[in-house]
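Listed here are the chains, written in short residue letters.
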Amino acid sequence: MIRVLHTGDWHIGQTLRGFSRESEHAAVFARLEAIAAEREVDALVVAGDVFDCQNPSGESQGRFYALMARLHAARPAMTIVITAGNHDAAGRLEAPRPLLEAIGVRVIGNVRRRDGMIDPSHHLVPIRDASGEVAAQVLAVSYPTAACLPPLSSINKAEGGDPSPIVRGVRDLYGQLFEAARPRLGGLPLLVTGHLHVAGGLESEGAERRILVGGEHAVPADVFPDEARYVALGHLHKAQGLGRGHVRYCGSLIPLSAAEQPYRHGVTLVTLGSGPAEVEQIAIERPVPFLRLPAASDMTLDDLGDHLTALGLDPDLPPEARPYIQVRLAREGLLPGYRAEVDRIAESFPVRIVDVRVAVPARVAIEIEETEAPPPRLSERDPEELFRLAYRARWDEEPGLAHLDVFHRARAEA
C-alpha cells in the first residue's frame, strides 16, 4: 500500500486585495508537514501553481525551498513530486532540480522530448513503500503550454470524437505520455497529474483564469489514460471529485479569493493498492477567519458598523491575524462612493475588507431577463476575446497557439 498526499495551488507570494498571505502560508505549511508525518506519507504530489506569479520574489522562493527541506526532514524516505502550473515559470521551477533531487524532490516542468519522442524518464517518478520497494508510479504532467502539445498540423488532421483540435491535442499528449511510460510501469498502480480545467469542475468566480491554450475552456475527464488509478489535478481551488471520483481536485490550502469564502480547504490522501484508489479529504483549518457580513442576505450601509461591532474582536489583533471580511450590501438607497464609506467605517475595527458586493433586487433581475440586454461593458468582456479582436485588427488573421499561450501567461502575471 502506498500513501500519496495530493496538494496544489499554493500560490506562494499571493496577496489578497493588497494583504500579505505570508503568515497564513507559514501556518498551513506547518500543518502540511504534520500531516505528512502523522499519516506516514510515501509521496507528496503538488499539482501546479507553486507560486502566484512566474517571477516570484526571493522571499517566496526561499519559503518554498525551506519547506522542501522541512518536509524531507519530517519524512526522509518520502518522494516529493512538483509540477508547474500556469502561474509558474516551468524553466525557473526546474532550474535547481539537481539540488532538489538530493532530498527526494522531483520537479517536472515542460514536456521533454528526444528526437521528437516523449522522454519517459523525465515524467515517470517511482514511489517506494516503507520497505524501499517501488510500489507505484507517478506520471507527472504540468500545465500544457502550446510548446508541450503535439504539432498543430498533426492535431488539426487528427480524427476522433473531439470537436476541438486543442482538446484532441491534450488527449494526444496524455496518450503519448502514457505509451512512452507503459513499458516501465511493470503492472504497478499509476497516478497521473494535470493542471488544467476538466469539464464539470466548479470554478471560483474571479479566482481561476481560463487557461487552456487555444481558447478552449475545459477538457473532458476521459483525456486521461484509463489505466490511471487516480488523477491528481490542480488549477481549480475547490476540492471536488469528477466522473467516478478518481479524477480529483484537491483544492487550495487557503481561500485565494472572496469567492472561496464558503469552501473547506485541505489536502487529499490517496491510498494505492491492489484495488481502486481510496480517497480521503483532510481539512486544514484556516489560519485567519474569512467572514461574510451579514451571514445571509444583505444589509444597508448604515448597518455595517453594528455587524462589525457584533463580531466582538480584540482591538489589539495584529494585522496578520485580522479576519477577512466580505460585505454584502443592499442596493436600495446606496449612494455613489459607498466603497470609500465602507473603508472609512472599517478603519475603526481590526478587520480587513477584501470584497464588497451589491445585491441586485429581484424585480430588477426580472426586468433584465425580460428586456434586451444592453451592450456589455469592457469589464464584462472576456480578455481573450479582446486579445483575439485586437490581433485580427492588426494582422488580419487569427492568433496561433503560441500567441495565445503567451497571452495567457502574461495574463497570469497581471
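Keep in mind it's a predicted model, so treat the numbers as computed, not measured.

A. Quick peek at the packing of aromatic side chains. Counted under the stated rule, the structure contains six aromatic pairs. Summarising the aromatic geometry, the rings of Phe51 and Phe64 are spaced 5.5 Å apart at their centres and angled 70° between planes, so their arrangement reads as edge-to-face. Here Phe51, found in the loop between strand E4 (43-47) and helix H2 (58-74), pairs with Phe64, found in helix H2; they are 13 residues apart in sequence, far enough to count as distant. Here Phe51 and Phe64 have matching classes, each one buried. Three or more aromatic residues joined by ring pairs make a cluster, and in this case those are Phe19, Phe290 and Tyr324. Arg352 extends its terminal NZ or CZ atom over the ring of Phe19, reaching a point 5.6 Å from the ring centre.

B. Layout of the environment of Asp42. As for its position among the elements, Asp42 is in the loop between helix H1 (22-38) and E4. Residues Asp42 and Ile80 lie 38 residues apart in sequence; the distance between their C-alpha atoms is 8.7 Å.

C. Just the environment of Pro399, in detail. Position of Pro399 relative to the elements: it lies in the loop between helix H11 (383-395) and helix H12 (401-413). Taking the relative accessible area as the measure of exposure, Pro399 reaches 8% and is therefore buried. Along the backbone, Pro399 and Leu389 are ten residues apart, and their C-alpha atoms lie at a distance of 9.5 Å.

D. Up close: the pattern of salt bridges. Within the structure shown, the criterion is met by 15 salt bridges. Across the pair Glu33 and Arg70 runs a salt bridge whose closest N-O atoms are separated by 2.7 Å. A residue pair is termed long-range when its members are at least 10 positions apart, and Glu33 in helix H1 and Arg70 in helix H2 qualify at 37 residues. Here Arg70 falls in the partly exposed class, since its relative accessible area comes to 35%. Of the charged contacts, one joins Arg112 and Glu94 as a salt bridge, the two residues approaching to 4.0 Å between their closest N and O atoms. Here Arg112, found in the loop between strand E6 (105-108) and strand E7 (113-114), pairs with Glu94, found in helix H3 (residues 90-94); they are 18 residues apart in sequence, far enough to count as distant.

E. Seen up close, the side chain of Gln61. By the element assignment, Gln61 lies in helix H2. Of the residues examined, Gln61 reaches a relative accessible area of 18% and is grouped as buried. A distance of 3.1 Å separates a polar side-chain atom of Gln61 from the backbone oxygen of Pro56.

F. Spatial organisation of the nonpolar core. Within the largest apolar cluster, 33 residues are counted, with the highest numbers of intra-cluster contacts made by Trp10, Val50, Met68 and Ile82. Looking at this core, the elements that each hand over two or more residues are H1, E4, H2, strand E5 (79-83), H3, E6 and strand E15 (266-272). The element that contributes the greatest number of residues to this core is H1, accounting for five residues. Leaving out residues up to four positions away in the same chain, Val50 has contacts with Trp10, His11, Ile12, Phe64, Ile82, Thr83, Asp88 and Leu93.

Rules behind the numbers
- Residues numbered from 1 in each chain as written.
- Predicted model: local features only at pLDDT ≥ 70, side-chain atom pairs only at ≥ 80, totals over all residues.
- Heavy atoms only, no water.
- Phe/Tyr/Trp six-rings, centres within 6.5 Å; stacked < 30°, edge-to-face > 60°.
- Helix = DSSP H or I, 4+ residues; strand = E, 2+ residues; numbered from the N terminus.
- Buried < 20%, exposed > 50% of the residue type's maximum accessible area, 1.4 Å probe, protein only.
- Lys NZ or Arg CZ within 6 Å of the ring centre and 35° of its normal.
- Salt bridge = Lys/Arg side-chain N within 4 Å of Asp/Glu carboxyl O.
- Polar contact = N/O pair within 3.5 Å; in protein donor to acceptor, adjacent residues only side chain to side chain.
- Core = buried A, V, L, I, M, F, W, Y, C linked by side-chain atoms within 4.5 Å.
- Contact = heavy atoms within 4.5 Å.

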